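# Breakdown of the fold
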Amino acid sequence: MSEKLIMKEKIINIIIEIASESGWDILTNLNDDTVLLESGLDSLGFATLVARLEEELLYDPFSMMDEPVYPRTLGEFVKIYEQYAS
Amino acid sequence: MKIVLVTGATRGLGLAVARQCISDGYKVVAVGRTMTEELTFLMQQYPDHIVFERYDFSDTAGIHSLAVQITKKYGRPWGLVNNAAIGRDGVLATLHERDIAELIKINIEAPVLLTKYILRSMLMNRGGRIINVSSIIASTGFNGLSVYGATKAALAGFTKSLAREVGKAGITVNTLAPGYMETEMTSALQGDKLESIKRRSPLGHLATVEDAAYAVSYLLSEKSFSVTGTTITVDAGSSC
Ligand SMILES: NC(=O)c1ccc[n+]([C@@H]2O[C@H](COP(=O)([O-])OP(=O)(O)OC[C@H]3O[C@@H](n4cnc5c(N)ncnc54)[C@H](OP(=O)(O)O)[C@@H]3O)[C@@H](O)[C@H]2O)c1
């Protein structure tokens, strides 16, 4: 499996976990074009996702970047994590 | 053991909060720049209940890694007490720009950044307590403390919106507003001014750091789970 797929799957799995812990309904077909804030995850869920990923991947791309970037879609979000993977 | 992070726990109110937290059964991560005799003594007395992490909050760029390190070493914190601050006074017209910038950095930027990163642990735990130490000066004003007062009012404002942001995750955010307490920060205020503060207080005395630490103890406890976005004033009634 390519690195890319692994990262995307990891992120989707965490999204599903967070949603089930919080009792949220999320879209079943999460894909690159899914708009994050329309996926069923609210801004707090999104913050939890970044926190969980930092604990798991040991980095937080958003605090590493010089200019702020706010990803809109799942594809953009995954790309940022791939970019900063060491 | 639940972890509580207390900034500026080397002396004054922070040290009293650390003491109170130990007696409430928490493990304290005390943050500050300089080790003091009192803190050393507390660490010797309760080696399993308190650790010291040296940090200078003027290095705001390192706060993210400080938070990551603390979490890695001690686990996800339950509570954060943003207490460290500087109390530089001086009338605005002559207060140096560098001092204004420093007040804003240490008293606002640093606690905001630390909260941003410690909050992550609380989001994952779906629970936690954040206490921002403000001051009655934030709402009453005091000659010579306009910038300090502005930083303390900023923290109270920070509390209110953050409480709304994180409430659904079971995290409470509150402000503690102490009145005058005798610590190093206030050591310059003596004599007549001090007497007049005492005289004007309805209770006829001043609140102590221990009094303020009791309020922190309540806000950190499970019992305060329905209290968020508010200010608890501990000032022996001075500002009422
Ligand atoms: N005393 C009062 O009457 C009063 C009234 C209302 C509100 N307050 C508030 O209560 C809180 C505690 O005040 P206090 O009277 O206990 O003050 P204090 O005796 O001067 O203690 C301040 C604490 O903050 C820490 N600190 C200051 N600058 C720091 C830096 N750059 N990096 C890391 N730590 C730093 C100090 O530790 P190191 O020096 O070791 O770094 C110390 O532990 C403050 O937020 C203050 O605004 C105090």
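Notes on the structure in this doc start here. Everything quoted here is computed from the prediction, not taken from an experiment.

All right, on to the environment of Trp78 of chain B then. Residues and elements named next belong to chain B. Looking at where Trp78 falls in the secondary structure, it is placed in the loop between helix H3 (63–74) and strand S4 (79–82). Sequence separation between Trp78 and Thr151 is 73 residues, and the spatial gap between their C-alpha atoms is 25 Å. Other than its neighbours up to four places away in sequence, Trp78 contacts Lys2, Ile3, Val4, Tyr26, Met122, Gly127, Gly128, Arg129, Leu220 and Glu222.

All names here are of chain B. Taken in spatial order, the seven strands of this open sheet run S3-S2-S1-S4-S5-S6-S7, and their pairing is parallel. Strands at the two margins of the open sheet, each flanked by one partner only, are strand S3 (50–54) and strand S7 (231–234). Strand after strand, the sheet turns through a mean of 20 degrees between neighbouring axes, direction not considered. With five bridges joining them, strand S1 (residues 3–7) and strand S2 (residues 27–32) adopt parallel strand pairing. In the strand pairing of S2, Thr7 is matched with Val31. In the packing of helix H2 (residues 37–45) onto the sheet, the strands contacted are S2 and S3, and the crossing angle to S3 comes to about 140 degrees. With respect to the sheet, helix H4 (residues 97–125) is in contact with S1, S4, strand S5 (128–133) and strand S6 (171–178), its orientation differing from that of S4 by roughly 170 degrees.

The subject of this paragraph is the site of the ligand. Residues and elements named next belong to chain B. Of all residues adjacent to the ligand, which total 30 residues, the nearest are Thr10, Arg11, Arg33, Tyr148 and Thr183. Within the contact set of the ligand, an oxygen atom lies 2.7 Å away from a side-chain nitrogen or oxygen of Thr10. Separating an oxygen atom of the ligand from a side-chain N or O atom of Arg33 is a distance of 2.6 Å. In isolation the ligand has 880 Å² of accessible area, and contact with the protein removes 97% of it. Grouping the constituent residues of the shell around the ligand by class yields 14 nonpolar, eleven polar and five charged.

Turning our eyes to something else, we now look at the packing of helix H1 (residues 12–23) of chain B against helix H8 (residues 209–220) of chain B. Residues and elements named next belong to chain B. Relative to each other, H1 and H8 sit at 50 degrees, their axes nearing to 8 Å. If you check the angle between H1 and H8, you find them oblique. Remark: the crossing between H1 and H8 carries right-handed chirality. Side by side, H1 and H8 meet where Gly12, Leu13, Ala16, Val17, Gln20 and Cys21 of the first sit next to Val209, Glu210, Ala212, Ala213, Tyr214, Val216, Ser217 and Leu220 of the second. When its residues are assigned to classes, the contact of H1 with H8 shows ten nonpolar, three polar and one charged.

To continue, consider the nonpolar core. All names here are of chain B. Counting 38 residues, the largest nonpolar core has Leu5, Val29, Phe57, Leu114 and Ile171 as the members making the most contacts within it. Of all the secondary-structure elements, those providing two or more residues to this core are S1, S2, H3, H4, helix H6 (146–166) and S6. Tallying contributions element by element places H4 first for this core, with nine residues. Setting aside its immediate chain neighbours within four residues, Leu5 contacts Val29, Val31, Ile70, Gly79, Leu80, Val81, Leu114 and Ile118. Listed in part, the 32 residues of the second largest apolar core include Ile22, Leu39, Phe52 and Ala207.

Interface size, as often reported, equals the accessible area lost upon joining of the parts. In this assembly, eleven residues from chain A lie in contact with twelve residues from chain B. Here chain A and chain B share an interface that buries about 1100 Å² over both sides, 57% of which is from carbon and sulfur atoms. Broken down residue by residue, the surface that chain A buries against chain B is led by Leu44, Glu54 and Glu55 of chain A, which jointly contribute 42%. The tally of links between chain A and chain B comes to three salt bridges. Note that Arg76 of chain B is salt-bridged to Glu55 of chain A, the shortest N-O span being 2.6 Å. At the boundary of chain A with chain B, the tally comes to five residue pairs in polar contact (both at pLDDT 80 or more). Ranked by residue count, the leading element in the side of chain A that touches chain B is helix H2 (residues 43–57) of chain A, at eight residues. Grouping the amino acids of the side of chain A that touches chain B by side-chain chemistry returns four nonpolar, three polar and four charged.

Now for the side chain of Gln20 of chain B. Locating Gln20 of chain B in the fold gives a position in helix H1. Not counting residues within four places of it along the chain, the set of residues in contact with Gln20 of chain B comprises Ala213, Tyr214 and Ser217 of chain B.

Now for the pairing of S4 of chain B. All names here are of chain B. Burial of the side chains of S4 extends over both faces: Gly79 and Val81 are buried on one face and Leu80 and Asn82 on the other. As defined by bridge partners, S1 adjoins S4 across three bridges and the pair is classed as parallel. In the sheet register, Val4 faces S4, and the bridge partner there is Gly79. For the crossover that starts at S4, traverses H4 and ends in the parallel S5, the hand is right-handed.

Looking now at the pairing of S1 of chain B. Residues and elements named next belong to chain B. Of all five residues in S1, five are buried; the element is thus mostly enclosed. A two-sided burial pattern is seen for S1, the buried positions comprising Ile3, Leu5 and Thr7 on one face and Val4 and Val6 on the other. Considered for its hand, the β-α-β crossover made up of S1, H1 and S2 is right-handed.

Criteria and cut-off values
Residues numbered from 1 in each chain as written. Chains lettered and ligands numbered in written order. Predicted model: local features only at pLDDT ≥ 70, side-chain atom pairs only at ≥ 80, totals over all residues. Heavy atoms only, no water. Helix = DSSP H or I, 4+ residues; strand = E, 2+ residues; numbered from the N terminus. Contact = heavy atoms within 4.5 Å. Pairing = 2+ DSSP bridges. Axes fitted to C-alpha atoms, helices over the stretch in contact; angles between N-to-C directions. Near = heavy atom within 4 Å. Polar contact = N/O pair within 3.5 Å; in protein donor to acceptor, adjacent residues only side chain to side chain. Areas by Shrake-Rupley, 256 points an atom, 1.4 Å probe, with all protein chains shown as cover. Nonpolar A, V, L, I, M, F, W, Y, C, P; charged D, E, K, R; others polar. Parallel < 35°, antiparallel > 145°, perpendicular 65-115°, else oblique. Left-handed = near helix turned anticlockwise from the far one by under 90°. Core = buried A, V, L, I, M, F, W, Y, C linked by side-chain atoms within 4.5 Å. Buried < 20%, exposed > 50% of the residue type's maximum accessible area, 1.4 Å probe, protein only. Buried area = accessible area lost by both parts, 1.4 Å probe. Salt bridge = Lys/Arg side-chain N within 4 Å of Asp/Glu carboxyl O. Right-handed = clockwise from strand over helix to strand, strands pointing away.

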